[in-house]
Amino acid sequence: MRSQTAFYIDVQRCIGCFTCAMACKNQYHQIPGVIWRQVYPLSPEIYPYRERAFYSLACNHCQRPTCLEVCPVKAYFKRDQDGIVVHEQEACIGCGNCIRACPYGAPRYNPEQRKAEKCSFCWQRIDAGLLPACVLSCPTEALQMVDLASLDRPGLVQYPPGFPRFPELNPSVRFRLPSLPTVVKREDI
Amino acid sequence: MNGMELPLVVFTVLSQTAVGIVLASLLGRYAAAGPETDPGRPWGAAAGILLVGLLASLAHLGHPTGAVNAVKHLATSWLSREVLVTSIFLAILLLGLPLMRRKSPGWLLWLAAAAGIVSLVFMGMTYSPPSFPAVNNLLPTVFFVLTAAVLGPAVVSWFVRGSTPPVLVAVLGSVLLLALVIYLIVPCIWLSGGTVMQNTGWAWIGSPLYWLRIVLGLALPLAVVWKTRDIPVWLPLLLIAGELLGRAVFFSQTLHTAGNIGGLY
């Protein structure tokens, strides 16, 4: 398998602190309303406990990215060396087709620049030997950068409940599901 | 519906009207009791309407001056293909206008009709991405063909000499009935789909725009055509308004998968 950089999301470790989203904002200073990384709480239908669980999501840098396929001006390309999907803003004409087409809502419209934009996986930082800002900032190491070509951890899932399933896109993201909360009964003490 | 999509409402309805006019003109030429028209007039109307539609489509671009680059990705982008074929359709209409006024050759009509039908299909594919499960299928193409089939005969009736020929009335009445059935059934079918599809069904059914579209754009015109056996001169205006309302519902009430992340699918 070719190298494919991916996000590993350990839902069991994630505490929903939004530090990853803030780190992204600090790094790129997106204008208000333009969000590259979002922390989604799981609904009670999926995780029906007083404790809560979260998915921290950004662009999934899909193996077959629909944003890249639908873009009429070839403003997207996928890097050969690591599979990161890069959006070239200079080429973008702001048609919004990628925004409509991505089932994960990754590309966002920047009303000031009148162009789309999305998570770049901090490829400039990666090329400089650094971790992406979101991964670096995570206080619980719930968000990690992995290479799917060499990833060998048991029990990971690609499409957990609450995450849209699109095998034809093959999103480069893996999840470790949250465990059931520990119930401490009086007789256990 | 955000502001970016209003130009798409106008563009899709007008460009489909242009295709419908060409198809209705073809019907007029070859049907046994087709309408007698000066073929140059509906052809010119189709060209003008499509031109306005394409100009409107520029308004949804953040950078309209880059529109010419939109044909760069023909290999995989349905939008690139749509832009190319719709531009070819417009070129045929504009360049063929003098010829159509003088000689009205049949081959030109067939050529325009073929380009128009292909543009309808490509347009349908453009608006059926995986992110909208309710319309990630042939439905957009069906909706767009219905728009062309409703508005084509309706607009051509303006250019007919004398009373409206029965064939135009029959086609419009049949298509209106078919469209009414499809537009009433489709949201109900969505209710038995996945969560996003179900929510789309409820969004359509709960939208006043949807019911305005059903009543003003389909049921009332059908009743008028049925009762009068004619296409009154004001009816095409009501039909255009109905199609614009219907397209606004399509763009504003069809739900995106990303809106439900963290919930059941």
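Residues numbered from 1 in each chain as written. Chains lettered and ligands numbered in written order. Predicted model: local features only at pLDDT ≥ 70, side-chain atom pairs only at ≥ 80, totals over all residues. Heavy atoms only, no water.

*Asks:* Could you give an account of helix α2 (residues 40-58) of chain B, with specific residues and numbers?
*Replies:* All names here are of chain B. The end-to-end C-alpha distance of α2 is 27 Å, a good match for the 27 Å that 19 residues give at a rise of 1.5 Å each. Among the residues of α2, Gly40, Pro42, Trp43, Ala45, Ala46, Ala47, Leu50, Gly53, Leu54, Ala56 and Ser57 are the ones counted as buried. Buried residues along α2 sit in contact with α1 (6-30), α3 (78-102), α4 (106-126) and α5 (139-156). (Helix = DSSP H or I, 4+ residues; strand = E, 2+ residues; numbered from the N terminus. Expected span 1.5 Å × (residues − 1). Buried < 20%, exposed > 50% of the residue type's maximum accessible area, 1.4 Å probe, protein only. Contact = heavy atoms within 4.5 Å.)

*Asks:* A description of the sheet that holds strand β1 (residues 5-10) of chain A should follow, citing residues and the corresponding values.
*Replies:* Residue and element names in this part refer to chain A. The strand order across the open sheet built from three strands is β8-β1-β9, with neighbouring strands paired in mixed fashion. Strands with a single pairing partner mark the edges of an open sheet, and in this sheet they are β8 (143-147) and β9 (173-176). Neighbour to neighbour, the strand axes of the sheet diverge by 30 degrees on average, direction disregarded. Two elements, β1 and β8, share five bridges in a ladder whose sense is antiparallel. Residue pairing for β8: Tyr8 is matched across the bridge by Gln144. (Pairing = 2+ DSSP bridges. Axes fitted to C-alpha atoms, helices over the stretch in contact; angles between N-to-C directions.)

*Asks:* Could you give me a rundown of the packing of aromatic side chains, with the residues and numbers involved?
*Replies:* Given two aromatic rings, one states the distance between the centres and the angle between the planes to describe the pair. Here the structure, examined in full by the defined rule, presents 20 aromatic pairs over all chains. Taking 4.9 Å as the distance between ring centres and 70 degrees as the angle between the ring planes, the aromatic pair formed by Tyr47 of chain A and Tyr49 of chain A counts as edge-to-face. The exposure class assigned to Tyr47 of chain A is buried, which follows from its relative accessible area of 9%. Taken together, the ring pairs connect Tyr127, Phe143, Phe144, Tyr183, Trp190, Trp204, Tyr210, Trp211, Phe250 and Phe251 of chain B into an aromatic cluster. The cationic tip of Arg153 of chain A hangs over the ring face of Tyr8 of chain A; the distance from NZ or CZ to the ring centre is 4.3 Å. (Phe/Tyr/Trp six-rings, centres within 6.5 Å; stacked < 30°, edge-to-face > 60°. Lys NZ or Arg CZ within 6 Å of the ring centre and 35° of its normal.)

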